[in-house]
Amino acid sequence: MSSEPPVTPEDPIGVRYPNTARIWNYQLGGKDNFEVDRQASDAANTMVKGLGVPAGADTAIESRHLLQRMVDYLVGQGIRQFLDLGSGLPNMANTHQIAQRVAPEARVVYADVDPMVSTHAAALMAGSNVITLRADLREPEQVLGDARVRDLLDFGQPIGIMFMCVLHCLWDKEDPWGVVRQFRDALPPGSYLALSHMTDEAHPEAAEGLFRMTQELHWNTPLISRSRADIARFFDGFTLVEPGLVAPAQWHPELDNPLRQRGEHGVGDVPVLRLIVPEPAEPDPGAAWHLCGIGVKD
């Protein structure tokens, strides 16, 4: 699997070729996507299905439920400030909606470089304790040096930083480990890193095939599956909490408490997570497209 970015054809307004954020939106049943994204998503699903691997929609929903459990865990540890990096298009319940159902005072910064993401997030996730920022996480100072971020978040108190399903969109040459390190160094001890990353551990053939597809169809980002050792490196300077670096279904399944479907009694119009059948006691290892974990800064 190459670690060098190729020369990408011109796509000045970002609609000629597939966009990873819009594909994720489509996998989650959203409407903020184009035909080119749907075709790419369907092609990827067909490819992995032929190898006996779960399709993107299953993985996407599993990842959103993982986000719910991780945010709930961090709130339970006393975290009231969140920095959600590479947040993507608003889908189901988002970080601030999950946190604020328990801690209404929780403050959240969303950052994403995609202009469509930042525009939609600003419209759909506005609030007194929420800001959306168009910034490139590959240049941490764009986020850390922004006056709005500094006004909302207290960097003298613990912060939860979220890299959910985003670091596998960075090439090795872009040094995703250095990106995480720069954010880590800006945080006080007792802060947390929550991370989910694609792995080739269980499905090397499918992982390689999906990476090649992103290149052949000129997706705006690669999907680079990495080894357990490379993913563990992101937690340098952090101590992993139990159960360590595991598949999403294995990360504190007892915390699964999704917000109810829109329209249910007492829910109103708040975007919510869809209810799903609880994970089996022994999660199917075939679903392990990702490794995930939370670490506390030493």
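From a predicted model like this one, the values you see are computed outputs, not experimental measurements. All residue numbers refer to position in the chain's written sequence, counted from 1. Side-chain atom pairs in this predicted model are given and counted only at pLDDT of 80 or more, local residue features only at pLDDT of at least 70, and totals for whole chains, interfaces and linings cover all residues. With hydrogens and water set aside, each side-chain value is computed from the structure's full complement of heavy atoms.

### Some words on unusual backbone geometry
Right, so step 1: Cis peptide bonds are those with omega within 30 degrees of zero, and the linkage from Glu 242 to Pro 243 qualifies with 10 degrees.
Right, so step 2: Residue placement: Pro 243 occurs in the loop between strand 6 (238-240) and strand 7 (290-297).
Right, so step 3: Phi is positive for Cys 165, close to 55 degrees, though the residue is something other than glycine.
Right, so step 4: The numbering of helices and of strands both runs from the N terminus, where a helix is a DSSP run of H or I of at least 4 residues and a strand a run of E of at least 2. When you line up the elements, Cys 165 lands in the loop between strand 4 (160-164) and helix 8 (176-185).
Right, so step 5: Within the chain, Asp 175 stands out as a residue other than glycine whose phi angle is a positive 55 degrees.

### Re the pattern of salt bridges
Right, so step 1: We define a salt bridge as a side-chain nitrogen of Lys or Arg found within 4 Å of a carboxyl oxygen belonging to Asp or Glu. For the structure shown, the criterion picks out 13 salt bridges.
Right, so step 2: Across the pair Arg 138 and Glu 174 runs a salt bridge, and its minimum N-O distance is 2.7 Å. On the criterion of sequence distance, the pair formed by Arg 138 in the loop between strand 3 (130-134) and helix 6 (140-144) and Glu 174 in the loop between strand 4 and helix 8 is long-range, its members being 36 residues apart.
Right, so step 3: Relative accessible area decides the class of each residue, using a 1.4 Å probe on protein chains only: under 20% of the type maximum gives buried, over 50% gives exposed, and in between gives partly exposed. Judged by relative accessible area, which is 38%, Arg 138 ranks as partly exposed.
Right, so step 4: Of the residues examined, Glu 174 reaches a relative accessible area of 25% and is grouped as partly exposed.
Right, so step 5: Between Arg 148 and Asp 146 there is a salt bridge whose closest N-O contact spans 3.1 Å.
Right, so step 6: We classify Arg 148 as partly exposed; its relative accessible area is 44%.
Right, so step 7: Connected through shared salt-bridge partners, Asp 136, Arg 138 and Glu 174 make up one network.

### Structural notes on the sheet that holds strand 3
Right, so step 1: Paired strands, as defined in this entry, are two strands with at least two bridges between them according to DSSP. The seven strands are arranged 3-2-1-4-5-7-6 in an open sheet whose pairing can be described as mixed. Strands at the two margins of the open sheet, each flanked by one partner only, are strand 3 and strand 6. This sheet shows a mean twist of 20 degrees between the axes of neighbouring strands, independent of strand direction.
Right, so step 2: The strands that helix 3 (residues 56-76) touches are strand 1 (81-85), strand 4, strand 5 (192-198) and strand 7; relative to strand 7, the one it contacts most, it runs at about 15 degrees. Angles here are taken between N-to-C directions and fall from 0 to 180 degrees, while the axes themselves are lines fitted to C-alpha atoms, restricted in helices to the stretch in contact. By definition, residues are in contact when any of their heavy atoms lie within 4.5 Å.

### Some words on the confidence of the model for the protein chain
Right, so step 1: A score from 0 to 100, pLDDT tells how confident the predictor is in each residue. Taken residue by residue, the protein chain gives an average pLDDT of 85. The fraction at 70 or more is 82%.
Right, so step 2: Confidence over residues 261-271 falls short of pLDDT 50; this stretch has 21 contacts with residues more than four positions distant or in other chains.
Right, so step 3: Within the model, pLDDT remains below 50 along residues 275-283, and this stretch shows eight contacts once partners closer than five positions in the same chain are excluded.

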